[in-house]
Amino acid sequence: MSAVILAVVGGNLSAAESSVLPQIFDPEMIGADIAYLERLTGPARNTYGQTKVYKISGCEVSVAMIRGTVGSVGMAVSPQCDFDLSTFLPNLRSTGRPLHTLTFGQFDAMSGGNGRYYADCLYLCGNATDPRIYQHWQGSRADKALEVLLEVAQVDEPAVEAAFAWKAGMMEAEGEDWVLDAKFNCTQKYEEVAHRLFREVRISKITIGYDIEIPRCES
(Lines give C-alpha, C1' and ligand atoms only; values in the text may rest on other atoms or scores of the structure.)
Protein backbone atom coordinates (compact mmCIF):
# COMPACT_ATOMS: atom_id res chain seq x y z
CA MET A 1 0.00 0.00 0.00
CA SER A 2 1.55 3.27 -1.12
CA ALA A 3 1.92 6.15 1.30
CA VAL A 4 2.84 9.82 0.99
CA ILE A 5 5.24 11.00 3.68
CA LEU A 6 5.19 14.55 4.99
CA ALA A 7 8.14 15.78 7.04
CA VAL A 8 7.98 18.78 9.34
CA VAL A 9 11.32 20.34 10.27
CA GLY A 10 12.68 23.54 11.74
CA GLY A 11 14.27 25.61 14.53
CA ASN A 12 12.65 27.27 17.58
CA LEU A 13 8.92 26.98 18.18
CA SER A 14 6.79 30.07 17.92
CA ALA A 15 3.58 30.20 19.98
CA ALA A 16 1.47 29.65 16.87
CA GLU A 17 3.62 26.79 15.60
CA SER A 18 3.76 25.02 18.98
CA SER A 19 -0.04 24.83 18.99
CA VAL A 20 0.05 22.90 15.72
CA LEU A 21 1.87 19.85 17.11
CA PRO A 22 -0.82 18.83 19.62
CA GLN A 23 -3.38 19.05 16.82
CA ILE A 24 -1.26 16.79 14.61
CA PHE A 25 -0.61 14.33 17.45
CA ASP A 26 -4.25 13.77 18.23
CA PRO A 27 -6.11 10.49 17.66
CA GLU A 28 -8.67 12.33 15.55
CA MET A 29 -5.93 13.20 13.04
CA ILE A 30 -5.63 9.51 12.07
CA GLY A 31 -7.88 9.09 9.06
CA ALA A 32 -8.25 12.83 8.46
CA ASP A 33 -8.03 14.18 4.92
CA ILE A 34 -4.74 15.72 3.80
CA ALA A 35 -6.60 18.98 3.13
CA TYR A 36 -7.52 19.13 6.81
CA LEU A 37 -3.89 18.52 7.82
CA GLU A 38 -2.61 21.19 5.44
CA ARG A 39 -4.90 23.77 7.02
CA LEU A 40 -2.53 23.39 9.99
CA THR A 41 0.80 22.87 8.25
CA GLY A 42 0.34 25.12 5.25
CA PRO A 43 1.61 24.22 1.76
CA ALA A 44 4.68 22.04 1.33
CA ARG A 45 8.03 23.80 1.27
CA ASN A 46 9.65 21.04 -0.82
CA THR A 47 8.56 17.81 -2.46
CA TYR A 48 10.91 14.86 -3.02
CA GLY A 49 9.04 12.13 -4.83
CA GLN A 50 6.33 11.13 -2.39
CA THR A 51 7.89 13.16 0.43
CA LYS A 52 6.60 16.65 1.13
CA VAL A 53 8.61 18.93 3.42
CA TYR A 54 6.93 21.53 5.62
CA LYS A 55 8.65 24.23 7.68
CA ILE A 56 7.46 24.16 11.30
CA SER A 57 10.08 25.17 13.86
CA GLY A 58 11.49 22.74 16.33
CA CYS A 59 10.46 19.24 15.36
CA GLU A 60 10.72 16.63 12.63
CA VAL A 61 7.36 15.00 12.09
CA SER A 62 6.39 12.38 9.51
CA VAL A 63 2.83 11.80 8.37
CA ALA A 64 2.15 8.82 6.13
CA MET A 65 -0.80 9.41 3.83
CA ILE A 66 -2.90 6.47 2.66
CA ARG A 67 -5.42 7.08 -0.13
CA GLY A 68 -5.44 10.79 0.67
CA THR A 69 -5.90 10.41 4.42
CA VAL A 70 -3.54 10.35 7.40
CA GLY A 71 -2.44 6.78 8.09
CA SER A 72 0.14 7.47 10.78
CA VAL A 73 2.01 10.31 12.48
CA GLY A 74 5.60 10.14 13.69
CA MET A 75 8.08 12.35 15.49
CA ALA A 76 11.85 12.45 15.97
CA VAL A 77 11.80 12.88 19.75
CA SER A 78 13.74 15.42 21.80
CA PRO A 79 13.12 17.50 24.95
CA GLN A 80 11.22 20.00 22.78
CA CYS A 81 9.48 17.41 20.59
CA ASP A 82 7.15 15.21 22.58
CA PHE A 83 3.52 14.13 22.81
CA ASP A 84 1.35 12.15 25.20
CA LEU A 85 1.28 8.55 24.00
CA SER A 86 -1.58 7.71 26.35
CA THR A 87 -3.80 10.06 24.33
CA PHE A 88 -3.70 7.43 21.60
CA LEU A 89 -3.33 4.35 23.83
CA PRO A 90 -5.21 4.86 27.11
CA ASN A 91 -4.84 1.18 28.02
CA LEU A 92 -1.05 1.25 27.75
CA ARG A 93 0.66 1.11 31.14
CA SER A 94 2.19 4.54 30.61
CA THR A 95 4.55 6.06 33.18
CA GLY A 96 4.16 9.57 31.79
CA ARG A 97 7.87 9.47 30.88
CA PRO A 98 8.95 11.95 28.16
CA LEU A 99 9.40 10.11 24.89
CA HIS A 100 12.98 11.31 24.39
CA THR A 101 13.99 9.40 27.56
CA LEU A 102 12.00 6.27 26.70
CA THR A 103 14.01 3.07 26.22
CA PHE A 104 12.90 0.00 24.31
CA GLY A 105 12.83 -1.90 27.60
CA GLN A 106 10.59 0.69 29.24
CA PHE A 107 8.19 0.44 26.33
CA ASP A 108 8.25 -3.36 26.76
CA ALA A 109 7.24 -2.91 30.40
CA MET A 110 4.37 -0.65 29.33
CA SER A 111 3.16 -2.79 26.43
CA GLY A 112 3.80 -6.36 27.55
CA GLY A 113 6.99 -6.85 25.58
CA ASN A 114 5.43 -8.51 22.52
CA GLY A 115 6.76 -6.12 19.86
CA ARG A 116 8.77 -7.41 16.88
CA TYR A 117 12.30 -6.21 16.11
CA TYR A 118 13.48 -5.35 12.60
CA ALA A 119 16.47 -3.65 11.02
CA ASP A 120 17.01 -2.15 7.59
CA CYS A 121 20.64 -3.29 7.71
CA LEU A 122 23.05 -4.88 10.19
CA TYR A 123 26.03 -5.81 8.01
CA LEU A 124 27.91 -4.01 5.18
CA CYS A 125 25.43 -1.15 5.31
CA GLY A 126 27.40 1.53 3.46
CA ASN A 127 27.44 5.23 4.29
CA ALA A 128 24.42 6.62 2.41
CA THR A 129 22.16 6.72 5.48
CA ASP A 130 22.46 5.64 9.10
CA PRO A 131 20.95 2.13 9.45
CA ARG A 132 18.10 1.90 11.93
CA ILE A 133 16.65 -0.59 14.39
CA TYR A 134 12.87 -0.82 14.74
CA GLN A 135 10.39 -2.35 17.14
CA HIS A 136 6.86 -2.76 15.75
CA TRP A 137 3.97 -3.29 18.16
CA GLN A 138 0.21 -3.45 17.75
CA GLY A 139 -2.31 -2.58 20.44
CA SER A 140 -5.37 -4.53 21.47
CA ARG A 141 -8.90 -4.00 20.22
CA ALA A 142 -9.42 -1.77 23.27
CA ASP A 143 -6.77 0.54 21.81
CA LYS A 144 -8.31 0.30 18.31
CA ALA A 145 -5.45 -1.98 17.18
CA LEU A 146 -3.22 1.04 16.68
CA GLU A 147 0.36 0.27 15.67
CA VAL A 148 3.47 1.78 17.22
CA LEU A 149 6.89 1.84 15.58
CA LEU A 150 9.91 2.69 17.74
CA GLU A 151 13.18 3.57 16.00
CA VAL A 152 16.81 4.25 16.80
CA ALA A 153 19.64 5.03 14.42
CA GLN A 154 22.82 3.00 14.78
CA VAL A 155 24.84 6.09 15.66
CA ASP A 156 25.25 6.44 19.42
CA GLU A 157 27.33 3.86 21.29
CA PRO A 158 24.48 2.00 23.10
CA ALA A 159 22.59 1.41 19.84
CA VAL A 160 25.75 0.49 17.91
CA GLU A 161 26.87 -1.99 20.57
CA ALA A 162 23.44 -3.63 20.83
CA ALA A 163 23.14 -3.93 17.05
CA PHE A 164 26.66 -5.39 16.80
CA ALA A 165 25.91 -8.01 19.45
CA TRP A 166 22.61 -8.93 17.77
CA LYS A 167 24.36 -9.24 14.41
CA ALA A 168 27.32 -11.22 15.77
CA GLY A 169 25.13 -13.82 17.48
CA MET A 170 22.98 -14.37 14.41
CA MET A 171 25.98 -14.44 12.10
CA GLU A 172 27.65 -17.12 14.22
CA ALA A 173 24.48 -19.24 14.18
CA GLU A 174 23.19 -18.60 10.66
CA GLY A 175 26.13 -17.41 8.59
CA GLU A 176 27.24 -14.17 6.96
CA ASP A 177 24.92 -14.30 3.95
CA TRP A 178 21.86 -14.86 6.15
CA VAL A 179 22.55 -11.60 8.02
CA LEU A 180 23.60 -9.74 4.86
CA ASP A 181 20.25 -10.66 3.27
CA ALA A 182 18.39 -9.45 6.40
CA LYS A 183 16.70 -12.83 6.96
CA PHE A 184 16.29 -11.82 10.61
CA ASN A 185 13.31 -9.73 9.46
CA CYS A 186 11.55 -12.97 8.46
CA THR A 187 11.72 -14.82 11.77
CA GLN A 188 11.09 -14.41 15.50
CA LYS A 189 13.90 -16.84 16.32
CA TYR A 190 16.15 -14.09 17.72
CA GLU A 191 13.40 -11.87 19.12
CA GLU A 192 14.11 -12.58 22.79
CA VAL A 193 17.78 -11.75 22.27
CA ALA A 194 16.89 -8.41 20.63
CA HIS A 195 14.58 -7.46 23.50
CA ARG A 196 17.40 -8.12 25.95
CA LEU A 197 20.13 -6.33 23.99
CA PHE A 198 18.12 -3.16 23.25
CA ARG A 199 16.50 -2.94 26.68
CA GLU A 200 18.57 0.09 27.79
CA VAL A 201 18.71 1.80 24.38
CA ARG A 202 16.72 5.03 24.05
CA ILE A 203 14.42 5.50 21.09
CA SER A 204 14.99 8.38 18.67
CA LYS A 205 11.67 8.34 16.81
CA ILE A 206 8.16 7.05 17.38
CA THR A 207 5.33 6.57 14.87
CA ILE A 208 1.71 5.69 15.63
CA GLY A 209 -1.21 4.83 13.36
CA TYR A 210 -2.12 2.14 10.84
CA ASP A 211 -0.31 0.31 8.02
CA ILE A 212 3.05 1.58 9.26
CA GLU A 213 5.83 0.61 6.90
CA ILE A 214 8.43 -1.77 8.35
CA PRO A 215 11.49 -3.39 6.73
CA ARG A 216 10.42 -6.08 4.28
CA CYS A 217 11.12 -9.75 4.73
CA GLU A 218 13.07 -10.74 1.61
CA SER A 219 12.46 -14.48 1.33
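What comes next concerns the included structure. Numbers given to residues run from 1 along each chain, matching the order in which its sequence is written. Whole-chain, interface and lining totals are the exception, using all residues; otherwise, since this is a predicted model, local features are given only for residues with pLDDT of at least 70 and side-chain atom pairs are given and counted only at 80 or more. Just so you know, side-chain values use all the structure's heavy atoms and leave hydrogens and water out.

Below, the discussion takes up unusual backbone geometry. For Arg67, which is not glycine, the phi torsion reads 50° and is therefore positive. Within the secondary structure, Arg67 sits in the loop between β4 (60-66) and β5 (69-76). Helix and strand definitions here come from DSSP, where helices need a minimum of 4 consecutive H or I residues and strands a minimum of 2 consecutive E residues; each element is numbered from the N-terminal end.

Our next topic: the packing of aromatic side chains. Put simply, two rings from Phe, Tyr or Trp (the six-membered ring, in Trp's case) pair if the centres are within 6.5 Å, and we call them stacked under 30 degrees between planes, edge-to-face over 60, tilted for the rest. Within this structure, the stated rule accounts for 10 aromatic pairs. Ring plane angle 40° and centroid distance 5.7 Å describe the contact between Phe104 and Tyr117, whose orientation is recorded as tilted. A residue pair is termed long-range when its members are at least 10 positions apart, and Phe104 in helix α5 (residues 104-111) and Tyr117 in strand β6 (residues 116-119) qualify at 13 residues. An angle of 50° between the planes, with centres 5.6 Å apart, marks the rings of Trp166 and Phe184 as tilted. Of this pair, Trp166 sits in helix α6 (residues 157-174) while Phe184 is found in the loop between α7 (176-180) and α8 (191-197), placing the two residues 18 residues apart along the sequence. Summarising the burial analysis for this pair, Trp166 and Phe184 share the class buried. Only protein chains enter the calculation, and the probe is 1.4 Å; a residue is then buried if its accessible area is under 20% of its type maximum, exposed if over 50%, and partly exposed in between.

Moving on: the environment of Arg97. If you trace the backbone, Arg97 turns up in the loop between α4 (85-88) and α5. For Arg97 and Leu85, which are 12 residues apart along the polypeptide, the C-alpha to C-alpha distance reads 9.6 Å. Should any heavy atoms of two residues lie within 4.5 Å, those residues are counted as being in contact. In this view, Arg97 contacts Leu102 and Gln106; residues no more than four positions away in its chain are not counted. Definition of a polar contact: a pair of N or O atoms within 3.5 Å, with one able to donate and the other able to accept a hydrogen when the atoms are protein atoms, and with sequence-neighbouring residues admitted only if both atoms are side-chain atoms. Within the local environment of Arg97, its side chain forms a polar contact with the side chain of Gln106, the two groups lying 3.3 Å apart.

Note on terminology: a disulfide is the covalent bond linking the sulfur atoms of two cysteines. Here, the term disulfide refers to a pair of cysteine sulfur atoms separated by no more than 2.5 Å. In this structure the tally under the stated criterion is three disulfides. At a sulfur-sulfur separation of 2.1 Å, the disulfide partner of Cys121 is Cys125. The chirality of the disulfide connecting Cys121 with Cys125 is left-handed, given an S-S dihedral of about -100°. A relative accessible area of 17% means that Cys121 is categorised as buried. Residue Cys125 is classed as partly exposed on the basis of its relative accessible area, which comes to 31%. Here Cys186 pairs with Cys217 through a disulfide, and the sulfurs are 1.9 Å apart. Taking the torsion about the sulfur-sulfur bond, which here is approximately 115°, the covalent link between Cys186 and Cys217 counts as right-handed. Taken together, the residues span a long stretch of sequence, with Cys186 in the loop between α7 and α8 and Cys217 in the segment after β9 (205-209) at a distance of 31 residues.

What follows deals with the nonpolar core. Nine residue types can take part in a nonpolar core, namely buried Ala, Val, Leu, Ile, Met, Phe, Trp, Tyr and Cys, and a core is a set of them joined through side-chain atoms within 4.5 Å. Within the largest apolar cluster, 54 residues are counted, with the highest numbers of intra-cluster contacts made by Trp166 and Phe198. In terms of residues, this core owes the most to one element, α6, which gives five residues. Ignoring sequence-local partners within four residues, the contact set of Trp166 consists of Tyr117, Tyr118, Ala119, Leu122, Ile133, Phe184, Tyr190, Val193, Ala194, Leu197 and Phe198.

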